[in-house]
Amino acid sequence: MSDGTALAGPDGALRCPWALSTPDYVTYHDEEWGRPVHGDDALYERLSLEAFQSGLSWITILRRREGFRAAFAGFEIAKVAAFTDTDKDRLLTDEGIIRNRAKIDATVANARVLADWAPGDLDALIWSHAPDPTTRPAPKSVADVPAVTPESTALSKALKKRGLRFVGPTTAYALMQACGLVDDHLETCVARSAV
């Protein structure tokens, strides 16, 4: 049983304990989670996937990510913004994604909002909420990793104020973790030094 500190993975390297439950997580943890993501479309994809994850386990989303990409036109904001009610009906029958009407509607509505922003605005807004890394000690165990922070609450409010949906503080913090705004790899985790 883990005390929440880093554990040895299949190769003997220490990793965050959540990363060891499945090989899919090991790859995601080692190669993606916590690494900086930039670009409006890339951040829109991550924001959308985090919203779909709400109430579900991340592995459910991770294993369907290619299905989401196919269903949502590669998360190109301009293309998703042009989706019609027929497209939304199609998505509700797509077994490659999570078929939740509210989340589908929000993903399309968010694209329509973002399509009116200047290029780079989403990237700039999200990254303007990255905390100073020198003020954040490396977490020693999962108990040291918050679910919400003042920065994620501020990011959530900023996104909502600009018209985006399904962007609560917990979703905003998960986005910050996944996209490298914060480094929540544990202190002794092999991926922390890689980030």
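For clarity, every value in this text was computed on a predicted model and none was experimentally measured. Residue numbers run consecutively from 1 along every chain, following the written order of its sequence. At least 70 in pLDDT is required for a residue's local features to be given in this predicted model, at least 80 for side-chain atom pairs to be given and counted, and no such filter applies to totals for whole chains, interfaces and linings, which use all residues. As a convention, hydrogens and water are excluded, and side-chain values are obtained from all of the structure's heavy atoms.

Let us now look at the state of the cysteines. We call a pair of cysteine sulfur atoms a disulfide when they lie within 2.5 Å. Within this structure, the stated rule accounts for zero disulfides. Its sulfur unpaired, Cys-179 is 16 Å from the next cysteine sulfur, which belongs to Cys-16. Cys-16 supplies the cysteine sulfur nearest to Cys-189, a cysteine that is in no disulfide, at a spacing of 3.8 Å. Burial classes: relative accessible area under 20% of the type maximum marks a residue as buried, over 50% as exposed, and values in between as partly exposed (1.4 Å probe, protein chains only). Exposure remark for Cys-189: the relative accessible area of 4% places this residue in the buried category.

A few words on the nonpolar core. Within the largest apolar cluster, 45 residues are counted, with the highest numbers of intra-cluster contacts made by Tyr-44, Phe-68, Phe-72, Leu-122 and Leu-159. Excluding its chain neighbours within four sequence positions, the residues that come into contact with Tyr-44 are Phe-75, Ile-77, Val-80, Thr-107, Val-108, Asn-110, Ala-111, Leu-114 and Leu-122. Among the nonpolar cores identified, the runner-up in size contains five residues, and Cys-16, Leu-186, Cys-189 and Ala-191 belong to it. Definition of nonpolar core: a set of buried residues of the types Ala, Val, Leu, Ile, Met, Phe, Trp, Tyr and Cys, connected through side-chain atoms within 4.5 Å. Contacts are assigned to residue pairs that have any heavy atoms within 4.5 Å of one another.

Turning our attention to the UniProt feature "binding site: Zn(2+)" (unreviewed entry) in the protein chain. UniProt positions are given in the numbering used here, feature names are shortened, and annotations may be inferred rather than shown by experiment. Those places that UniProt annotates as "binding site: Zn(2+)" (unreviewed entry) correspond, in this numbering, to Cys-16, His-29, His-185 and Cys-189. Taken together, the annotated residues stretch across 174 residues yet fold into one region, lying no more than 10.2 Å apart by C-alpha. Helix and strand definitions here come from DSSP, where helices need a minimum of 4 consecutive H or I residues and strands a minimum of 2 consecutive E residues; each element is numbered from the N-terminal end. Checked against the element boundaries, Cys-16 lands in the loop between strand 2 (14-15) and helix 1 (23-31). The exposure class assigned to Cys-16 is buried, which follows from its relative accessible area of 1%. Setting aside anything within four residues of it in sequence, one finds Cys-16 in contact with His-29, Asp-184, His-185, Leu-186 and Cys-189. You can see Cys-189 is positioned in the loop between helix 10 (169-178) and helix 11 (190-194).

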